[in-house]
Amino acid sequence: MPNLEEILEKYPFVQRDNLIPVLQDIQDEFGYLSEEAIVKVGKYLNLPTVKIYGLATFYHHFRFIAKGKYHIKICNGTSCHVNSNILIINELEKKLGIKDEEITKDGLFSLEETTCMAACGEGPVMAVNDKYFTHLTIEKVAEIIDSYKSMEE
Ligand code: FES
């Protein structure tokens, strides 16, 4: 696994205008853009960290918190919304004790509300890491979370 310096060394001529590939590489490697990474990028480029945050937050696919061992994406697109995804989101928040863009204290679960996950006919939809779950109900979501929790006992 390369460290942050190795990633930065791949971009000797990077400036603010072509910073996105660098941030993308860092996120691909570490799963998110940590404060430490943003500060290091700022020092490397001689740019204020606030400018880097400003740029990164403009693009919604950048994350600023770590992912849990089980990263849950819950669709908040229009079709899933019509299919009462709010009940599923509420259940997830209740079961996990976290909200969107948060991670549980034990690092096991993180939650992310996303735009359409391209399974509109099967909503509400969520994914745990790369595994999709469709036609969700409150009961089904509770069972799914319990099954992941039980794997850790
Ligand atoms: S709106 Fe949820 S999968 Fe498309």
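Residues numbered from 1 in each chain as written. Predicted model: local features only at pLDDT ≥ 70, side-chain atom pairs only at ≥ 80, totals over all residues. Heavy atoms only, no water.

Caption draft 1: Representation of the sheet that holds strand β3 (residues 109-114) within the structure. With mixed pairing, five strands are arranged side by side in an open sheet as β2-β3-β1-β4-β5. Edge positions in the sheet fall to β2 (102-103) and β5 (131-133), since each of these pairs with one other strand and no more. Examined bridge by bridge, β2 and β3 share two bridges and lie antiparallel to one another. Each bridged residue has a counterpart across the sheet, and for Glu102 the counterpart in β3 is Leu111. Sheet contacts for helix α6 (residues 85-96): β1 (70-75), β3 and β4 (126-128); angle to β1, the most-contacted strand, approximately 155°. Contacting β1, β3, β4 and β5, helix α7 (residues 138-151) runs over the sheet at an angle of about 5° to β4. (Pairing = 2+ DSSP bridges. Helix = DSSP H or I, 4+ residues; strand = E, 2+ residues; numbered from the N terminus. Contact = heavy atoms within 4.5 Å. Axes fitted to C-alpha atoms, helices over the stretch in contact; angles between N-to-C directions.)

Caption draft 2: Inspection of the environment of Glu29 at higher detail. By secondary structure assignment, the location of Glu29 is in helix α2 (residues 20-30). When its relative accessible area of 25% is taken as the criterion, Glu29 is described as partly exposed. Between the C-alpha atom of Glu29 and that of Leu4, which follows or precedes it by 25 residues, the distance is 8.9 Å. (Buried < 20%, exposed > 50% of the residue type's maximum accessible area, 1.4 Å probe, protein only.)

Taken by themselves, the reported measurements are silent on function.
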